[in-house]
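What follows is the residue order along each chain.
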Amino acid sequence: MMNKEFIKKVAEVQQKLKAPKNQFNKFGKYKYRSCEDILEGVKPLLGDLVLTVNDDIQIIGDRIYVKSTATITDGENSISNQAFARESLTKKGMDDSQITGTASSYARKYALNGLLLIDDTKDADSMDNSSNSNQPTGNDLSWVNAIKSGETTLEAIEDLQYRNKIKGFL
């Protein structure tokens, strides 16, 4: 069982964290945050807590996945979150190590998102709700763009209902 004081410290980090989407994808014309942006925002808030992010390569069938685990600990208590990203079979202009690095960055970002309660969707009040609802927005758009660019695949989405939703946009 986790210590109540530890839980309070983690909750404070989660509540105070500001990780704006400062990056811009010119091709997809959308703003996003990178793993580095999240780490830059969280480091000043950690105090005596330690945040680590580790990768593990897993082969499932004939595909290679990067499983990233983000963990916050105080030395006695810890809490973790995991995320997966599948390596693209090929990605134009990239060698094998770059493909693995892209999958690692993607998995690390989503492991941190889950651990730190970062929502990649826009809030409803900031969205133009007059547009066609059949177009992806927020996190849906991020997944669609990542799949179309070869950064990840549809199979990397573990939730089957959500996977089917994203499949409808492709």
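Calculation criteria
Throughout, a residue's number is its position along its own chain's written sequence, starting from 1. The predicted origin of the model limits local features to residues at a pLDDT of at least 70 and limits the giving and counting of side-chain atom pairs to 80 or more, whereas totals for whole chains, interfaces and linings rest on all residues. To obtain the side-chain values, all non-hydrogen atoms of the structure were included, while hydrogens and water were left out. Salt bridges, as used here, are contacts in which a Lys or Arg side-chain nitrogen is within 4 Å of a carboxyl oxygen on Asp or Glu. Secondary structure counts use DSSP, requiring at least four H or I residues in a row for a helix and at least two E residues in a row for a strand, with both numbered from the N terminus. Only protein chains enter the area calculation, which uses a 1.4 Å probe; residues under 20% of their type maximum are buried, those over 50% are exposed, and those in between are partly exposed.

*Asks:* Account for the pattern of salt bridges, naming residues and giving values.
*Replies:* The final tally for this structure, using the stated rule, is three salt bridges. Its salt-bridge partner being Lys16, residue Glu12 comes within 2.8 Å of it at the nearest N-O pair. With a gap of four residues between them, Glu12 and Lys16 both fall in helix α1 (residues 4-16), about one helical turn apart. Between Asp55 and Arg108 there is a salt bridge whose closest N-O contact spans 3.1 Å. In this pair, Asp55 is assigned in strand β3 (residues 50-60) and Arg108 in helix α3 (residues 96-116), connecting sequence segments 53 residues apart. The exposure class of Asp55 is partly exposed, given its relative accessible area of 33%. By relative accessible area, Arg108 is classed as partly exposed at 26%.

*Asks:* Describe unusual backbone geometry, and please don't skip the residues or the numbers.
*Replies:* One non-glycine residue with positive phi stands out, namely Lys29, at about 55°. Examined against the element boundaries, Lys29 turns out to sit in the loop between β1 (23-25) and β2 (30-32). The backbone phi angle of Leu117 is positive, close to 60°, even though this residue is not glycine. The topology assignment puts Leu117 in the loop between α3 and α4 (138-149). Classification of Leu117 as exposed rests on a relative accessible area of 61%.

None of the figures reported here should be taken as evidence of function without further support.
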